[in-house]
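Topology and contacts: notes
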Amino acid sequence: MSDDTPTPPVFVHPTADVEEGARIGDGTKVWHLAHIRSSAQLGVGCVIGRNVYVDANVVIGDRVKVQNNVSVYQGVTIEDEVFVGPCAVFTNDFRPRAQNPDWEITPTLVRKGASIGANATLVCGIEVGSYAMIAAGSVVTRDVAPYQLVAGNPARPKGWVNAKGEVVSRDPENPPAGLDQD
């Protein structure tokens, strides 16, 4: 939007639950049955789909699109302009147990412009690089480099994409020159 265009207000669907203390940026839309916990931070111009769960202390940047049925647990940071496909899941515990008094959150970071495909699972403790592309159904257990395309279970490098998400190389070992110039 240009500087002289007013930013639309926050929209929260009547069936959504936004707890007191959650911070939501202007122009963000929170849709049906979403649950935003207290102390969660959502940037400006985001779209939070139906039945999305955003846990306490999660940070989501500006212009992020989180599709239906996504769970974003405490310890996850999502930078600006990230796409999270339907039914994607983030974890935050390497050794989950119903009762563990020594439990500690293991953080996950998704960098600017990355895309996460439908039904992908991101195991905690990883960093997804800027403009990386995670294929649908992937189980990501390791860091993903900027502009890298990964797929599978476990996810493995399959090539490289540009900032538009177009595959520019199928050589998983050698990124083409100039990717960060897009």
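The structure contained in this document is the topic of the report that follows. Just so we're clear, the structure is a prediction, and the values are computed from it rather than from any experiment. (Residues numbered from 1 in each chain as written. Predicted model: local features only at pLDDT ≥ 70, side-chain atom pairs only at ≥ 80, totals over all residues. Heavy atoms only, no water.)

Let's shift gears to the pairing of strand β22 (residues 155-161). Along any regular strand, the residues point their side chains to alternate faces of the sheet. Pairing of strand β21 (residues 148-152) with β22, which is carried by 5 bridges, proceeds in the antiparallel orientation. By the bridge assignment, Leu-149 is partnered in β22 with Gly-159. Hairpin connection from β21 to β22: 2 residues lie between these consecutive antiparallel strands. The hairpin turn running from β22 into strand β23 (residues 167-169), its antiparallel successor, is 5 residues long, and Gly-165 in that turn takes a positive phi close to 90°. (Pairing = 2+ DSSP bridges. Helix = DSSP H or I, 4+ residues; strand = E, 2+ residues; numbered from the N terminus.)

Let us look at the nonpolar core. Core analysis: the biggest nonpolar cluster contains 36 residues, and Ile-78, Val-84, Phe-90, Val-110, Ile-116, Leu-122 and Val-128 have the highest contact counts within it. Contacts of Val-84, omitting those with residues within four sequence positions, involve Lys-65, Val-66, Gln-67, Val-70, Ile-78, Phe-90 and Ile-116. (Core = buried A, V, L, I, M, F, W, Y, C linked by side-chain atoms within 4.5 Å. Buried < 20%, exposed > 50% of the residue type's maximum accessible area, 1.4 Å probe, protein only. Contact = heavy atoms within 4.5 Å.)

Strand order in this open sheet of 6 strands is β3-β6-β9-β12-β15-β18, and the pairing throughout is parallel. Two strands lie at the open edges of the sheet, namely β3 (23-24) and β18 (127-128), each paired on one side alone. Where strand β15 (residues 108-110) and β18 come together, 2 bridges link them in parallel fashion. Looking at β18, one finds that Val-110 is bridged to Val-128.

With that out of the way, let us pick up the pattern of salt bridges. Counted under the stated rule, the structure contains 5 salt bridges. Among the salt bridges present, the one from Arg-37 reaches Glu-19, with a minimum N-O distance of 3.1 Å. Separated by 18 residues along the polypeptide, Arg-37 in the loop between β5 (35-36) and β6 (41-42) and Glu-19 in the loop between β2 (17-18) and β3 bring together distant segments of the chain. When its relative accessible area of 25% is taken as the criterion, Arg-37 is described as partly exposed. A salt bridge links Arg-111 to Glu-127, with the nearest nitrogen and oxygen atoms 3.1 Å apart. Taken together, the residues Arg-111 in the loop between β15 and β16 (115-116) and Glu-127 in strand β18 connect sequence positions 16 residues apart. On the basis of relative accessibility, which here comes to 27%, the residue Arg-111 falls in the partly exposed class. Here Glu-127 falls in the partly exposed class, since its relative accessible area comes to 31%. Three or more residues are tied together by salt bridges with common partners; here these are Glu-19, Arg-37 and Asp-55. (Salt bridge = Lys/Arg side-chain N within 4 Å of Asp/Glu carboxyl O.)

All right, on to the sheet that holds strand β19 (residues 133-134) then. Spatial strand order, β1-β4-β7-β10-β13-β16-β19-β21-β22-β23: 10 strands in an open sheet with mixed pairing. The outermost strands of the open sheet, each flanked by one partner alone, are β1 (11-12) and β23. Here strand β7 (residues 47-48) runs beside strand β10 (residues 65-66); their pairing, made up of 2 bridges, is parallel. Directly across from Val-47, in β10, lies its bridge partner Lys-65.

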